[in-house]
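Understanding the architecture of this molecule
In case you want the letters, here they are:
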Amino acid sequence: MTTPRDLLIVAMDRESGRPLERGDLSLALAGAELIDLLGAEAVRLDGERLVPGYRPAIPDRLLDRAASSLVQQAPYETVDDWLWRRGHGLAAAYLAAFEDEGQLTREHHRWQPFRSDRTVLADSPDRRRAAERWTAHETVLTALAAAAGMEGTDDGSTGETDDGAVEGTDGGTENGGEPEAAGEAVSLVLAAVHDAVRELEAERQRRAIEKAAFDNVWRGPGGD
């Protein structure tokens, strides 16, 4: 399993007071992919630029596709550019992969025949492992979940300690093999994810204001 897959599982499993914005989740998934690629040494950070490393064998289809999409020539790509490019439609891509792999099932309501069935996660070892990571309060997974807007997580925390590193990371693995690069690189990615989500929210608000203003003009004075 990979961090983006675990993040999506957690997102689908957790009860939330409001539905997640698909764009926010896609940005968080793109950040999760990048953190896994840093851990696999498929890429490194040079300032804010993503410099490809050696090309490891990656069994996960979507993460392998992410590694293949890294810009191979200077001046390379910034973390922010990666999030917006790779994150476009990424939540839908992971959901489609889950469906193809048989990880989703239909929840039937036996005593409510007129209620629409909904798609839920099937019970699986992958689902249980993601739940274990979540219960263990893994720093990276929790920070990504917060960025995606899951309730009950830290509000905007990137998990940094005073020296700029991610708490609980040392450049190795954590809690059963969590893929992580140096804490400073992971912190930069997490901060970029939070910034991108805030930027997307500001854009949504701007469009909502413009739409409301247009609707008022269309209705005219005294319109309903």
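Every chain is numbered on its own, with residues counted from 1 as its sequence reads. In view of the model being predicted, local features appear only for residues whose pLDDT reaches at least 70, and side-chain atom pairs are presented and counted only at 80 or more, with totals across whole chains, interfaces and linings using the full set of residues. To obtain the side-chain values, all non-hydrogen atoms of the structure were included, while hydrogens and water were left out.

1. Let's talk about the overall build of the protein
For the protein, the helix and strand inventory stands at eight helices and five strands. Helix numbering and strand numbering both begin at the N terminus, where a helix is a DSSP run of H or I of at least 4 residues and a strand a DSSP run of E of at least 2. Going residue by residue from the N terminus, the α and β elements of the protein occur as α-α-β-β-α-β-α-α-β-β-α-α-α. Residue burial is assigned from relative accessible area. The probe radius is 1.4 Å, only protein chains are included, and a residue is buried under 20% of its type maximum, exposed over 50%, and partly exposed in between. Looking at the protein as a whole, 42% of its 224 residues qualify as buried. Residue contacts are defined here by distance: any two heavy atoms, one from each residue, within 4.5 Å place the two residues in contact. Of all intrachain contacts in the protein linking residues separated by at least 6 positions in sequence, the fraction that spans at least 24 positions is 63%.

2. So, helix α5 (residues 90-100)
Those residues of α5 that fall on the buried side of the exposure criterion are Leu90, Ala91, Tyr94, Ala97 and Phe98. When α5 is viewed along its axis, its buried side chains cluster within an angular range of 125° and face the same direction. With respect to the buried face of α5, the exposed residues turned more than 90 degrees away are Glu99 and Asp100. Of the residues one or two after α5, glycine 102 is the one with positive phi, at around 75°. When we speak of the arc, we mean the arc of directions from the helix axis to the C-beta atoms.

3. Comments concerning a negative patch on the surface
Each patch is built from salt-bridge-free residues with over 30% relative accessible area, joining like charges within 9 Å and nonpolar side chains (Val, Leu, Ile, Met, Phe, Trp, Tyr) within 5 Å. Values of accessible area rely on a 1.4 Å probe in the Shrake-Rupley scheme; residue burial ignores everything except the protein chains shown. The term salt bridge refers to a side-chain nitrogen of Lys or Arg lying within 4 Å of a carboxyl oxygen of Asp or Glu. For the purpose of counting charges, residues Lys and Arg are taken to be positive, whereas Asp and Glu are taken to be negative. His and the chain ends are not included. By convention, the point assigned to a charge is CZ for Arg, NZ for Lys, CD for Glu and CG for Asp. A surface patch of like charges, here negative, comprises Glu48, Asp80, Asp81 and Glu199. By secondary structure assignment, the location of aspartate 81 is in helix α4 (residues 79-87).

4. Things to note about unusual backbone geometry
The phi torsion of most residues other than glycine is negative, and most of the peptide bonds are trans. A cis amide bond links alanine 74 to the next residue, proline 75, at an omega of 10°. Take proline 75: it is sitting in the loop between α3 (61-68) and β3 (77-78). Residues other than glycine seldom take positive phi values, yet tyrosine 76 does so here, at roughly 65°. Owing to a relative accessible area of 27%, tyrosine 76 belongs among the partly exposed residues under this scheme. Residue histidine 137 is not a glycine yet carries a positive backbone phi of 55°. Its location among the elements puts histidine 137 in the loop between α6 (125-135) and α7 (139-148). In this structure histidine 137 comes out as exposed when scored by relative accessible area, which is 62%.

5. What about α3?
Residues that lie three or four places apart on an α-helix share one face, since the helix turns once every 3.6 residues. Among the residues of α3, Leu62, Leu63, Ala66 and Ala67 are the ones counted as buried. Buried residues of α3, seen end-on, are gathered within an arc of 145° and therefore sit on one face of the element. Those residues of α3 that are buried lie in contact with α2 (22-39), α4 and α5. The term polar contact refers here to a pair of N or O atoms within 3.5 Å; inside protein, the definition further demands a hydrogen-donor-capable atom paired with an acceptor-capable atom, and it admits residues adjacent in sequence only when both atoms are side-chain atoms. Of the residues flanking the start of α3, the one acting as N-cap is aspartate 60, its side-chain oxygen 3.2 Å from the backbone nitrogen of leucine 62.

6. Section: the confidence of the model for the protein
Across the protein, the average pLDDT comes to 81, with 72% of residues at or above 70. Scored below 50 in pLDDT, residues 111-116 shows two contacts in the model against residues more than four places distant or in partner chains. One confidence number per residue, pLDDT, is output by the predictor and ranges from 0 to 100. pLDDT under 50 marks residues 160-165. Its contacts with residues more than four places away, or in other chains, come to 11 contacts.

7. Observations regarding the packing of helix α1 (residues 3-13) against α5
The relative placement of two packed helices is expressed as an angle between their axes plus a distance between the axes. Convention adopted: a line fitted to C-alpha atoms gives each axis, helices being fitted over their contacting stretch, and angles between N-to-C directions are expressed from 0 to 180 degrees. Running from N to C, α1 and α5 cross one another at 85°; their axes reach a closest spacing of 11 Å. Taken together, the axes of α1 and α5 are roughly perpendicular relative to one another. Taken together, the residues of α5 that come into contact with α1 (itself represented by Pro4, Arg5, Leu8, Ile9 and Met12) are Tyr94, Leu95, Ala97 and Phe98. Polar here means any residue outside two lists: the nonpolar Ala, Val, Leu, Ile, Met, Phe, Trp, Tyr, Cys and Pro, and the charged Asp, Glu, Lys and Arg; Gly therefore counts as polar. Split by residue class, the contact of α1 with α5 holds eight nonpolar, no polar and one charged. Angles are sorted into four bins: roughly parallel if under 35 degrees, roughly antiparallel if over 145, roughly perpendicular if 65 to 115, and oblique for all others.

8. Digging into the pairing of strand β2 (residues 49-52)
As defined by bridge partners, strand β1 (residues 43-46) adjoins β2 across four bridges and the pair is classed as antiparallel. By the bridge assignment for β2, valine 43 is matched with proline 52. We treat two strands as partners when DSSP finds at least two bridges between them. Hairpin connection from β1 to β2: two residues lie between these consecutive antiparallel strands, with glycine 47 at a positive phi of about 70°. Where β2 and β3 come together, two bridges link them in antiparallel fashion. Pairing of arginine 49 across the sheet is with threonine 78, part of β3.

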